[in-house]
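Analysis of the macromolecular model
For reference, the chains in residue letters:
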Amino acid sequence: MAKAPTVIGVLTEPPAPTWWKANRHKVFGIGGLLIGYLIGTHLAGAPEQQPAPPRPGHSTPAPGEQHSTRTAHGLAA
């Protein structure tokens, strides 16, 4: 006759994980993205200065001053 099976150990199902253990990677991921966004948008450093607009190579006479200019046909007032 066959021997009766011997019990070596008892298997039990582990308890369900808590909400924190199941979702902590999501919480840390979203927190890290939020902190990275805030650092990237608000702590970017000093703003770059805009280059000055180009200045004209000549100036126009002040109003009220009359200057004579030479043309191809002679003096013009």
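For clarity, every value in this text was computed on a predicted model and none was experimentally measured.

Remarks on the confidence of the model for the protein
Overall, the prediction assigns the protein a mean pLDDT of 81, with 73% of residues at 70 or greater. Confidence, read as mean pLDDT per element, is least for strand 2 (residues 74–76) in the protein (57) and greatest for helix 1 (residues 19–42) (95).

Brief notes about helix 1
For helix 1, with 24 residues, the first-to-last C-alpha span of 33 Å sits near the 34 Å given by 1.5 Å per residue. Taking the largest bend as the criterion, helix 1 deviates by roughly 35 degrees, centred on His 25.

Describing a nonpolar patch on the surface
On the surface, Trp 19, Trp 20, Val 27 and Phe 28 cluster together into a nonpolar patch covering about 480 Å² of accessible area. One can find Val 27 in helix 1. When its relative accessible area of 37% is taken as the criterion, Val 27 is described as partly exposed.

Some details on the packing of aromatic side chains
Scanning the model with the defined rule gives 1 aromatic pair in all. Both rings, one in Trp 20 and one in Phe 28, keep their centres 5.7 Å apart while their planes meet at 80 degrees; by these two values the pair is edge-to-face. The class for Trp 20 is partly exposed, based on a relative accessible area of 40%.

Thresholds, definitions, all that
- Residues numbered from 1 in each chain as written.
- Predicted model: local features only at pLDDT ≥ 70, side-chain atom pairs only at ≥ 80, totals over all residues.
- Heavy atoms only, no water.
- pLDDT = per-residue confidence, 0-100.
- Helix = DSSP H or I, 4+ residues; strand = E, 2+ residues; numbered from the N terminus.
- Expected span 1.5 Å × (residues − 1).
- Bend = angle between axes of the 7 residues up to and from the residue.
- Patch = residues over 30% accessible without salt bridge, like charges linked within 9 Å, V, L, I, M, F, W, Y side chains within 5 Å.
- Areas by Shrake-Rupley, 256 points an atom, 1.4 Å probe, with all protein chains shown as cover.
- Salt bridge = Lys/Arg side-chain N within 4 Å of Asp/Glu carboxyl O.
- Buried < 20%, exposed > 50% of the residue type's maximum accessible area, 1.4 Å probe, protein only.
- Phe/Tyr/Trp six-rings, centres within 6.5 Å; stacked < 30°, edge-to-face > 60°.

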